[in-house]
Amino acid sequence: MVRTNWYKDAVVYQIYPRSFKDGNGDGMGDIKGIISKLDYLKDLGITAVWLSPCYMSPNDDNGYDISDYRDIDPQFGTLDDWKEMISGMHERGIKLIMDLVVNHSSDEHEWFKESRKSKDNPYRDYYFWRKGKGKNGKKPPNTWVSRFGGSAWEYDETTREYYLHLFSKKQPDLNWDNPKVRAEVQDIVKYWLDLGVDGFRCDVITYISKTEGLPNGFLGGDNMFTHGPNIHKYLNELNEKVLSKYDCMTVGEASGVTVEQALLYTGEDRHELDTVFQFEQVEANAYFRIIPKKVNLKKTKHVFSKWQAGLYGHGWNSLYLENHDQPRCVSRYIVDNPNMDDFCRKQSAKMLATAIYFQQGTPYIYQGQEIGMTNIEFENESDHVDIMARNILGQIKKYAPFLKRFALKVLDIFSRDNARTPMQWNADENAGFSDAEPWYRVNKNYKKINVEESYADKNSVLNFFKKLISIRKGNEIIIKGEYRELYDSHKDLYVYDRDYNGAKLRVICNFKNKDVKYADSAGMAYAGQSLILSNYDTDEKYEEVKVLKPYECRVYMFT
Ligand code: NOJ
């Protein structure tokens, strides 16, 4: 079997199944719904889908808590539906990347049900069980903090011990130090690859190896469970035993990863993962990694350029601005207002796409990003349905109630619910997502922002995305070209070149809602130029560009 590295030329579209399209009229997105939209995806031009979890799950964390790794949750359909979906994708030249959530399982997984029964159960060591501290053993075994707030340990009456959960208490961490657990994971991966899956997005993969003895550490234990001591050994083993035998790809979710660490995970000679999602670009604009602050373009550009340079020739970047955990990019990077001026929304959505997707790496488009969907307005506390938001609010109400208003304000911007509203297909009731009341509220701006409207408008964000994707396809400069940033200290413009075999692409993006002067002093050879993409109607030659309009972007090609 030859590994083709197909992901290097792929454009991936992420589907969050519960919010994409309801196919059976129960208000919940499902696989039949996805099947009904495969032609839409083909028309968009994407070549792979990353599907967020649709496995059997009690859905405490919307499917990131899996109770059966080999079956589909009935709310999404059946395994037969899934097979029909993957065939439909493959017929259309679309590959399928499944989510692999194996740092933890659900507490309703058979392994955990067994594990909690007794201290000598054969599945006990599939998870981390420890005695409590303190006089009555009623204090957690260490100071690790769950990513969703509060202690990472839950006391269990049956055996009077605590178990570890870095996410919700219904997501107990799997013990990868146990070879049986690793063998189970290898089997699961093989099972889906044999069913035709083309790759995996590996959920919180940097957490799978915990430091021996589970010491307290810093920052809620972060340095004791991130990039742990055996992580490379475990990933290498998974690669050698299973992944290397298939022409598949992997992308690891790697919060907190540096360029140097990314190279350890993805270096071609290391046989672990193919790519990672880094978080630095998000963290560059946040306090304590998560509380969003005003976007600082200089810092953001610095992060982009650092990753472009750092992985060039050694690794491969994943290019994203949105996913199911992040706010909508026009709200995050431009204006946090669901009713933002429509012209500004469209122009900035196109400009942001241009800024990121001409870099080297695999582009990931999150459902709805291609029509410029925005954050929502949260009216009541009960509008926050995501477990992370609910847990954090719960902790704040318990320990620091005076911070509640502040917390709600922060959640307005960064709550994961922002990205999880139903996909806006048309201006009909429920945005054409479902005939029934959707599981979660539709963004009120759906009459204006939807797929049908986008097809009708030649200047839509959607049509721009289609053009951008078609330009990328098979384009050697974009795939292989060297990246070089220009004007790196400019606070409003992001300008970069991609050079390959004597040809050059120049990407110019204005992040400001105002005209910004552009005076190129780099002495370009202006021969053989063409403006291959822009978000304003212009045919200006490169040397004539003196001013960039609000959120203007242009891509010139020089041959
Ligand atoms: C990362 C996923 O993207 C997120 O949605 C989930 O809550 C956590 N991992 C836990 O699985």
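Residues numbered from 1 in each chain as written. Predicted model: local features only at pLDDT ≥ 70, side-chain atom pairs only at ≥ 80, totals over all residues. Heavy atoms only, no water.

1. Examining the pattern of salt bridges
Then, in step 1: Under the definition given, this model contains 49 salt bridges.
Then, in step 2: Residue Arg416 is joined to Asp386 by a salt bridge in which the shortest nitrogen-to-oxygen separation is 2.8 Å. Of this pair, Arg416 sits in the loop between α14 (404–414) and α15 (451–456) while Asp386 sits in the loop between β15 (362–366) and α13 (387–399); the two residues are 30 residues apart in sequence, bridging distant segments of the chain.
Then, in step 3: According to the relative accessible area criterion, Asp386 is buried, its value standing at 4%. (Salt bridge = Lys/Arg side-chain N within 4 Å of Asp/Glu carboxyl O. Helix = DSSP H or I, 4+ residues; strand = E, 2+ residues; numbered from the N terminus. Buried < 20%, exposed > 50% of the residue type's maximum accessible area, 1.4 Å probe, protein only.)

2. Description of the pairing of strand β10 (residues 249–253)
Strand residues, when the strand is regular, have side chains that alternate between the two faces of the sheet.
Then, in step 1: The buried count for β10 comes to five of five residues, which makes it a mostly enclosed element.
Then, in step 2: Because side chains alternate across β10, one face comprises the buried residues Met249, Val251 and Glu253, and the other comprises Thr250 and Gly252, equally buried.
Then, in step 3: When strand β9 (residues 199–202) meets β10, the two strands line up parallel, connected through four bridges. In the sheet register, Cys202 faces β10, and the bridge partner there is Gly252.
Then, in step 4: As paired elements, β10 and strand β11 (residues 275–277) share three bridges and run parallel to each other. (Pairing = 2+ DSSP bridges.)

3. Observations concerning the sheet that holds strand β20 (residues 529–534)
Two pairing modes exist for strands in a sheet, parallel and antiparallel, and in both the strands are linked by backbone hydrogen bonds.
Then, in step 1: Taken together, the five strands give an open sheet; going across it, the order is β16-β17-β18-β22-β20, and neighbouring strands pair in antiparallel fashion. In this open sheet, the two strands that pair with only one neighbour each are β16 (482–486) and β20. The sheet shows a mean angle of 20 degrees between the axes of neighbouring strands, taken without regard to direction.
Then, in step 2: Docked against the sheet, helix α12 (residues 342–357) engages β17 (493–500), β18 (503–510), β20 and β22 (553–558), running at close to 140 degrees with respect to β18. (Axes fitted to C-alpha atoms, helices over the stretch in contact; angles between N-to-C directions. Contact = heavy atoms within 4.5 Å.)

4. Focus: the site of the ligand
Then, in step 1: Around the ligand there are 13 residues in total, and Asp61, His104, Asp203, His324 and Asp325 lie nearest to it.
Then, in step 2: Between the ligand and Asp61, the relevant distance is 2.5 Å, taken from an oxygen atom to a side-chain nitrogen or oxygen of the residue.
Then, in step 3: Separating an oxygen atom of the ligand from a side-chain N or O atom of Asp203 is a distance of 2.7 Å.
Then, in step 4: Its free accessible area being 300 Å², the ligand has 97% of it covered by the protein chains.
Then, in step 5: Each residue belonging to the shell around the ligand can be placed in one class, and the counts come to four nonpolar, two polar and seven charged. (Near = heavy atom within 4 Å. Polar contact = N/O pair within 3.5 Å; in protein donor to acceptor, adjacent residues only side chain to side chain. Areas by Shrake-Rupley, 256 points an atom, 1.4 Å probe, with all protein chains shown as cover. Nonpolar A, V, L, I, M, F, W, Y, C, P; charged D, E, K, R; others polar.)

5. Points about the domain arrangement of the chain
Then, in step 1: Domain annotation of the chain identifies domain 1 (106–173) and domain 2 (478–558).
Then, in step 2: The centre of domain 1, based on its C-alpha atoms, is set 54 Å off from the matching centre of domain 2. (Domains from an automatic or database assignment.)

6. Considering the packing of α12 against helix α16 (residues 461–472)
Then, in step 1: It is at 9 Å that the axes of α12 and α16 come closest, and there the two elements cross at 15 degrees. Comparing the axis directions of α12 and α16 gives the class roughly parallel. Here the hand of the crossing between α12 and α16 comes out right-handed. Contacts from Lys346, Ala349, Lys350, Ala353, Thr354 and Tyr357 in α12 reach Val461, Phe464, Phe465, Leu468 and Arg472 in α16.
Then, in step 2: Residue classes in the contact of α12 with α16 are distributed as seven nonpolar, one polar and three charged. (Parallel < 35°, antiparallel > 145°, perpendicular 65-115°, else oblique. Left-handed = near helix turned anticlockwise from the far one by under 90°.)

7. Comments concerning a nonpolar patch on the surface
Then, in step 1: Taken together, Phe402, Leu403 and Phe406 make up a surface patch of nonpolar side chains, about 350 Å² in accessible area.
Then, in step 2: Looking at the secondary structure, you find Leu403 in the loop between α13 and α14.
Then, in step 3: Since its relative accessible area comes to 34%, Leu403 is described here as partly exposed. (Patch = residues over 30% accessible without salt bridge, like charges linked within 9 Å, V, L, I, M, F, W, Y side chains within 5 Å.)

8. Thoughts on the sheet that holds strand β6 (residues 129–130)
Then, in step 1: Judged by pairing direction, the sheet is antiparallel, and its three strands sit side by side in the order β6-β8-β7 without closing on themselves. Sheet topology places β6 and β7 (153–156) at the edges, where each strand pairs with a single neighbour.
Then, in step 2: Of the pairings in the sheet, the one linking β6 to strand β8 (residues 161–164) comprises two bridges and is antiparallel in character. When the sheet's bridge partners are listed, Arg130 is paired in β8 with Tyr162.

9. Observations concerning the pairing of β9
Then, in step 1: By the alternation rule, side chains of β9 split into Gly199 and Arg201 and Phe200 and Cys202, which are all buried.
Then, in step 2: The pairing of strand β5 (residues 95–100) with β9 spans four bridges and is parallel. From the neighbouring strand, Leu100 faces β9, where its bridge partner is Cys202.

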